[in-house]
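A look at the structure
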Amino acid sequence: SFDLVKEWFSDLWKKEDLFWIFHNAKFDLHVLCREFSFTSIPEKIGDTLIAAWMLSPGSHVLSLDEQVRIELNHVMIPIADLIGRGKSQIPFTQVSVEKASEYGAEDAVYTLRLWNKLFPKLQEAGYEKFFFQMEMPLLKVLLDMEQTGIALDKQKMQKLAREMEERLFFLEKEIHEIAGEKFNIASPKQLAEILFDNLGLPEIKKRSTDSSVLEELSVVAPHPIVESIMEYREQKKLLSTYVSVLPSLILPKTNRIHTSFIQWGTATGRLSSRDPNLQNIPIRSENGKKIRAAFIPGNPENTILAVDYSQIELRMLAHLSGDKNLIAAYLNDLDIHAQTASAIYGVSQEEVTSDQRRDAKVVNFGVLYGMTAFRLSRDLKISRKQAQEFIDGYFNLYSGVQEFIAKTIVDVHEKGYVETLSGRRRPIPGIFSTDKMECKMAERMAVNTPVQGSAADLIKIAMIRISEKIYKESLPLKMMLQVHDELVFECPKNLAEEMGKIVKQEMENAMQLKVPLVASVGFGENWLEAH
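Now for a description of the structure that goes with this document.

Rules of the game
- Residues numbered from 1 in each chain as written.
- Predicted model: local features only at pLDDT ≥ 70, side-chain atom pairs only at ≥ 80, totals over all residues.
- Heavy atoms only, no water.
- Helix = DSSP H or I, 4+ residues; strand = E, 2+ residues; numbered from the N terminus.
- Contact = heavy atoms within 4.5 Å.
- Phe/Tyr/Trp six-rings, centres within 6.5 Å; stacked < 30°, edge-to-face > 60°.
- Buried < 20%, exposed > 50% of the residue type's maximum accessible area, 1.4 Å probe, protein only.
- Lys NZ or Arg CZ within 6 Å of the ring centre and 35° of its normal.
- 1 Å grid on protein atoms, 1.4 Å probe; cavity = no way out; pocket = protein on both sides within 12 Å on 5 of 7 lines; lining within 4 Å.
- Points joined across faces, edges and corners; volume = space filled by probe spheres on them.
- Nonpolar A, V, L, I, M, F, W, Y, C, P; charged D, E, K, R; others polar.
- Expected span 1.5 Å × (residues − 1).
- Arc of directions from axis to C-beta.

**Some points on the side chain of Gln-67**
Within the secondary structure, Gln-67 sits in helix α4 (residues 64–72). Apart from the residues lying within four places of it in its own chain, the contact partners of Gln-67 are His-23, Ala-52, Val-61, Leu-62, Leu-72, Leu-114 and Leu-118.

Dropping the structure here:
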């Protein structure tokens, strides 16, 4: 019976000398903690899913079935053989014990065999230390965060849904009036007919009406219908992705939303989030801000504490490139965007306007992503010639960055991969392509990965350090979300400043770079206020 299994398994769980191997450990640990009421998890854990991802970042064949087929040349029993498909599908609980046992035993045996195949590869790649000192401790931190969840103001979200539905109704009416007829705004075919045939707007990309095309149209052929369609799409997307959905995802048992953090979802090492994805809520749009304002403490005595790294990717670029002007700016706590604006506009830093600073910010971050003069001219709504002058002005000021980019491109053409500061590799297969566009895209990826990947490693280290401190010192602090360079917590209001200082210190000392790391602290009644 289950009670016998539970007793036997619970005794095993408590043995400190055992090494537990899983494929997708976090999912299994959630199930085990729930079904067996475990309050702690084993110290020694190995995850073949994370191992496979580390060895092949960017791979889309990481499931146990696929990895076993690739690494061990064995085809696993398909789940459909047990539960069926479509309308005739049955719950797993209705599968016979014999069939379920065979299926479960095969999973267990082949997870072990897969580990025995992958672990030597991790050692060979020099990843053993990285695996056990970063990714496995991080897995436990993420498990904790997912179990904690975050509270949501349901009424606030429902009010926002009503407002957005009203706005959508108004926009739809406005778009139809401008078009001179009613049509399905969501239909690319019908929209193309309105824009290109009826209104005579230029076709940027043959009959395409995707968002990048609409953005370009708003620059090259401004028309009120384009702006309205762009807003309509944004409203519709936010409403269907977040505003209408989030309240239904509140778990009655905890009264919180519990997102899943994906450790293996990106090739750069950045964490992603799903069910729901809380990392893609726009931060600058009004509706994005209103959505963030609905995330609140679960307890009225608590506050939301948000701490984020300041310009982490630019600081990482300064460290990796060793550029003397970039490093000096950060060592002397100068305004990096004003410094760049001064260089590209040819004015003194004192004369830099807020608009010029904003343009310089686009250049500073754009260079990181290999932004071309064409793209910059589109984003800043300036001529291609001026955009090229801006890029040239940037590299005149930061020649070390230009050298870093050139060296990275040479190295990746030789090695076929790039590395983060922690030594994690990302193969760049497109670098050997004979297709010029594909090769250029691969080069941009190669330049960005050490910067973005090292920043991802940094926040992982910070999360592990903070989590260890929370447990060692029994701090009244709950880590709930990670959104790129930001960590979101809940803590008692009267301890917010003290907790903020602790988090700030851990984040700023997670790595030693050639430039100081700076984390800014905020707290408030909701996530928006805290940010």
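**Examining the packing of aromatic side chains**
Under the criterion given, the structure shown has 21 aromatic pairs. Plain terms: the ring middles of Phe-119 and Phe-132 are 6.1 Å apart, the flat faces sit at 65° to each other, and that makes the pair edge-to-face. Taken as a pair, Phe-119 in helix α6 (residues 97–124) and Phe-132 in helix α7 (residues 128–148) lie far apart in primary sequence, 13 residues in all. Look at Phe-119 and you get buried, because its relative accessible area is 17%. When the centroid spacing of 6.2 Å and the interplanar angle of 40° are considered together, the rings of Tyr-127 and Phe-130 count as tilted. On the basis of relative accessible area, Tyr-127 is assigned to the buried category, the value being 4%. Given the relative accessible area of 9%, Phe-130 is considered buried. What links up through ring pairs into an aromatic cluster is the set Trp-8, Phe-9, Trp-13, Trp-20, Phe-36 and Phe-38. Taking the ring centre of Tyr-110 as reference, the NZ or CZ of Arg-113 above it sits at 4.8 Å. Looking at Arg-292, its charged tip hangs above the ring of Trp-527, at a distance of 4.2 Å from the centre.

**Re the layout of surface pockets**
Taken as a whole, the largest pocket spans an internal volume of roughly 2100 Å³. Broken down by secondary-structure element, the contributors of at least two residues to the lining of the largest pocket are α10 (211–220), α11 (224–243), β7 (302–309), α13 (312–321), α16 (354–368) and α17 (373–380). Among the elements that take part in the lining of the largest pocket, α11 stands out by supplying eight residues, more than any other. Volume-wise, the second largest pocket comes out at about 1300 Å³. Lining the second largest pocket are 27 residues, and of these Asp-28, Leu-32, Gly-104, Asp-107 and Ala-108 lie nearest its centre. Every element with two or more residues in the lining of the second largest pocket is listed here: α1 (2–13), β1 (20–22), α2 (25–36), α4 and α6. By residue number, the principal contributor to the lining of the second largest pocket is α6, which donates nine residues. By residue class, the composition of the lining of the second largest pocket is 18 nonpolar, five polar and four charged.

**Quick notes on helix α21 (residues 496–508)**
A rise of 1.5 Å per residue sets the reference length of α21, with its 13 residues, at 18 Å; its end C-alpha atoms lie 18 Å apart and thus fit the reference within 8%. Within α21, the full set of buried residues consists of Ala-496, Met-499, Gly-500, Ile-502, Val-503, Glu-506 and Met-507. Taken down its axis, α21 places every buried residue within 160° of arc, on the same side. Projecting away from the buried face of α21 at angles above 90 degrees are the exposed residues Glu-497 and Lys-501. Contacts from the buried residues of α21 go to β7, α20 (436–472), β11 (486–492) and β12 (519–524).

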